[in-house]
Amino acid sequence: MKKFVNDPKRFVPEMLEGIALANPDTLKYVPEYNLIMRADAPLADKVAIVQGSGSGHEPAHVMIVGKGMLDAACPGDVFAAPPMDYVYETTKLLANPKGVLLLVNNYTGDRMAFDMGREMAESEGIKVAVLTIDDDVAVKDSTYTVGRRGVAGNFFVIKAVGAAAEQGADLDEVIRIGQKVNSVTRTMGVALTACTPPAKGSPLFELGEDEIEFGVGIHGEPGRERRTLTSADEIVDDLLDAIVPDLPYASGDRVALMVNGLGGTPISELYILFRHAHEVLADKGITVARSYVNEYCTSLDMAGASITLVRLDDEIEQLLDAPAEAAIRVF
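Residues numbered from 1 in each chain as written. Predicted model: local features only at pLDDT ≥ 70, side-chain atom pairs only at ≥ 80, totals over all residues. Heavy atoms only, no water.

Draft legend 1. Representation of the overall build of the protein chain within the structure. Regarding its fold elements, the protein chain presents 8 helices and 12 strands. The C-alpha atoms of the protein chain give a radius of gyration of 19 Å, which matches the 20 Å a tight globule of 331 residues would have. Counting every position in the protein chain, which comprises 331 residues, the buried fraction comes to 56%. For the protein chain, contacts bridging at least 24 residues in sequence account for 74% of all contacts bridging at least 6. (Helix = DSSP H or I, 4+ residues; strand = E, 2+ residues; numbered from the N terminus. Rg over C-alpha atoms; globule rule 2.2 N^0.38 Å. Buried < 20%, exposed > 50% of the residue type's maximum accessible area, 1.4 Å probe, protein only. Contact = heavy atoms within 4.5 Å.)

Draft legend 2. Main features of the sheet that holds strand β4 (residues 72-73). Overall, mixed pairing links the 6 strands, which are arranged β1-β2-β4-β3-β5-β6 in an open sheet. Each end of this open sheet is capped by a strand with a single partner; those strands are β1 (27-30) and β6 (128-133). When β1 meets strand β2 (residues 35-38), the two strands line up antiparallel, connected through 4 bridges. In the strand pairing of β2, Lys28 is matched with Met37. Contacts from helix α1 (residues 11-22) reach β1 and β2, with the element oriented near 155° to β1. (Pairing = 2+ DSSP bridges. Axes fitted to C-alpha atoms, helices over the stretch in contact; angles between N-to-C directions.)

Draft legend 3. Molecular detail of the nonpolar core. Of all hydrophobic cores here, the largest spans 96 residues; its most connected members are Leu101 and Leu103. If you tally residues by element for this core, the top one is helix α4 (residues 154-166), at 9 residues. Apart from residues lying up to four places away in sequence, Leu101 is in contact with Val47, Ala48, Ile49, Val50, Ala129, Val130, Leu131, Val161, Leu171, Val174 and Ile175. Core analysis: the second largest hydrophobic core is formed by 19 residues, Ala48, Ala113, Ala121 and Ile126 among them. (Core = buried A, V, L, I, M, F, W, Y, C linked by side-chain atoms within 4.5 Å.)

Draft legend 4. Representation of the sheet that holds strand β12 (residues 304-311). If you walk across this open sheet you meet the 6 strands as β9-β8-β7-β12-β10-β11, and the pairing is mixed. Every other strand in the sheet has two partners, leaving β9 (225-228) and β11 (287-294) as the edge strands with one partner each. Strand-to-strand twist of the sheet, defined as the mean angle between neighbouring strand axes without regard to direction, takes the value 20°. Across 2 bridges, strand β7 (residues 185-191) lies against strand β8 (residues 211-214) in antiparallel orientation. Considered in β8, the bridge of Val190 is made with Phe214. Together, β10 (254-261), β11 and β12 form the strand contacts of α4, whose direction differs from that of β10 by roughly 120°. The sheet contacts of helix α7 (residues 267-283) involve β10, β11 and β12, and relative to β10 the element is tilted by about 155°.

Draft legend 5. Spotlight on helix α5 (residues 171-183). Here α5 contains 13 residues, and its C-alpha end-to-end distance of 18 Å stays within 8% of the 18 Å for a straight helix at 1.5 Å per residue. Within α5, burial applies to Leu171, Val174, Ile175, Ile177, Gly178, Val181 and Asn182. Mapping the buried residues of α5 onto a view down its axis gives an arc of 165°, with all of them on the same face. Along its buried surface, α5 packs onto β3 (48-51), β5 (100-105), β6, α4, β7 and α8 (314-321). (Expected span 1.5 Å × (residues − 1). Arc of directions from axis to C-beta.)

What follows is the structure in structure tokens.
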């Protein structure tokens with residue numbers, strides 16, 4: 001597999017350094033902790049929003065640090081949770097009187113790292129809380145998670161809590177908003193190919209020419225089942241058949257619809273998926289009030305996509321409409 005790589009061990013630091021060099025006025029890079037943070041952080045008048053997770057999911061999360069989004073991101077290596085001390089040191093650097101909110105996608109390693117980092121920060125009197133994101137409907141449990149996985153739906157949580165923090169909400173209010181958005185967000189994905197981590201140099205799993213992995217995780221974890229490749233419309237039908245009943249979403253609902261590329265799918269194909277998803281939801285009496293088609297939470301070079309639905313109300317829509325700035329424009 002051909003890739004633009006120097007030393008695989010330097011893959012993440014070199015990427016982070018590049019992000020910082022491309023955004024010198026707005027971002028700061030702290031190499032000791034794989035940390036990308038707002039250049040003006042810490043800010044005394046707002047709750048600091050921090051996300052971590054493994055690398056390899058860009059633009060999540062290091063490319064969405066900025067006003068109205070994350071204050072900082074401290075990723076681990078590719079598909080690996082950040083070390084606990086990265087979380088702890090990041091929390092200390094972002095600490096302020098209004099507090100720090102740590103956003104955690106629901107994977108065992110991430111939860112352990114962030115819970116331990118939070119405990120160490122709390123022992124020093126820092127005001128800090130953890131909010132877990134678990135929007136993936138594909139599985140209830142896996143060897144990688146404690147309950148449902150956190151995947152592309154985390155972008156809606158980030159956007160909402162980032163906006164609330166920017167508007168001056170206190171820590172308890174920011175947590176309430178994050179929990180509310182997470183509770184009405186559902187995602188499911190499908191892979192057409194595996195991904196290839198730089199250090200491995202070969203695909204994480206094998207799929208036949210006519211096979212897809214339905215309900216795949218963003219690290220290549222197994223999904224609900226391996227299926228035969230069908231048409232784009234049929235794949236969308238099957239994804240929505242899993243997502244819509246899960247909340248459930250119902251006739252009269254207004255939703256945000258996201259079609260997220262997993263890293264190796266042309267955006268033209270994402271719009272083909274979006275087209276049919278929009279039609280299916282309309283037939284169910286569900287109004288697509290906000291549309292998102294792009295790469296938000298990828299799996300390196302995996303060909304595939306996920307669909308996310310968020311049930312909207314006035315509060316959530318106002319927060320999604322709030323101004324935001326980041327290295328890459330996603331909202």
